[in-house]
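Letter by letter, the chains look like this.
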Amino acid sequence: MTFLSVTYRQKQSLRLTGLCGDTSGVYAFKDEVQKDERIQEVRINRLAQDAKTRQQRFDIDLIFITESEEE
C-alpha cells in the first residue's frame, strides 16, 4: 500500500489517497483502522483499478468522533 496524499480537517476527518496491489488490502486496512476508538466511521469513497499502474487506486475517509459525540 502506497499513500499518495493525506488531507487533514482538524478534529473532523482524514482523507487518504493511494495505491494498493489488490482490493483485499484496502478492505483489510479499512477494517484495522475501524477498530480505533477515536474513529467514528471509515469510508472507502473510491476503489478502482488505475489503468497506468494496474493497481487499485483508493480514497478513504476516516471520520473522527467529535467532542460533542463523546459526551
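Numbering of residues starts from 1 in every chain and runs along the sequence as written. Where totals are concerned, whole chains, interfaces and linings use all residues; where local detail is concerned, this predicted model gives features only for residues with pLDDT of at least 70, and gives and counts side-chain atom pairs only at 80 or more. Think of the side-chain values as coming from all heavy atoms in the structure, minus any hydrogens and water.

(A) Here's a closer look at the overall build of the protein chain. Across its full length, the protein chain carries 2 helices and 4 strands. Its helices and strands in sequence order give the protein chain the pattern β-β-α-β-β-α, from N to C terminus. Referenced to the eigenvectors of the C-alpha coordinate spread, the extents of the protein chain come out at roughly 45 × 20 × 15 Å. Residue exposure (1.4 Å probe, protein chains only): buried if accessible area is under 20% of the type maximum, exposed if over 50%, otherwise partly exposed. Out of the 71 residues belonging to the protein chain, those deemed buried represent 28%. Each helix is a run of H or I in the DSSP string that is no shorter than four residues. Each strand is a run of E no shorter than two, and both are numbered from the N terminus.

(B) Seen up close, the pattern of salt bridges. Note on definitions: salt bridges are taken to be side-chain nitrogens of Lys or Arg within 4 Å of carboxyl oxygens of Asp or Glu. Per the stated rule, a full pass over the model turns up 6 salt bridges. The closest approach of N and O atoms between Arg-46 and Asp-59, which form a salt bridge, is 3.3 Å. On the criterion of sequence distance, the pair formed by Arg-46 in strand 3 (residues 39–49) and Asp-59 in strand 4 (residues 56–64) is long-range, its members being 13 residues apart. The buried category is assigned to Asp-59, whose relative accessible area is 13%. Residue Asp-50 is joined to Arg-57 by a salt bridge in which the shortest nitrogen-to-oxygen separation is 3.1 Å.

(C) Summary view of the packing of aromatic side chains. Classification of ring pairs uses Phe, Tyr and Trp, with its six-membered ring standing for Trp, and accepts pairs whose centres are within 6.5 Å; under 30 degrees between planes counts as stacked, over 60 as edge-to-face, and the remaining range as tilted. Tallying each qualifying case throughout the model produces 3 aromatic pairs. Members of the aromatic cluster, each reached through a chain of ring pairs, are Phe-3, Phe-29 and Phe-58.

(D) Up close: the nonpolar core. Membership of the largest hydrophobic core is limited to 11 residues, which are Leu-14, Leu-16, Cys-20, Val-26, Val-33, Ile-39, Val-42, Phe-58, Ile-60, Leu-62 and Phe-64. Those elements that place two or more of their residues in this core are strand 2 (13–20), helix 1 (23–34), strand 3 and strand 4. Of all the elements, strand 4 adds the most residues to this core, at 4 residues. Aside from chain neighbours lying at most four places away, what touches Cys-20 is Met-1, Gly-25, Val-26, Gln-55, Gln-56 and Phe-58. Only buried Ala, Val, Leu, Ile, Met, Phe, Trp, Tyr and Cys residues count toward a nonpolar core, and they belong to the same one when joined by side-chain atoms within 4.5 Å. It only takes one pair of heavy atoms within 4.5 Å for two residues to be counted as in contact.

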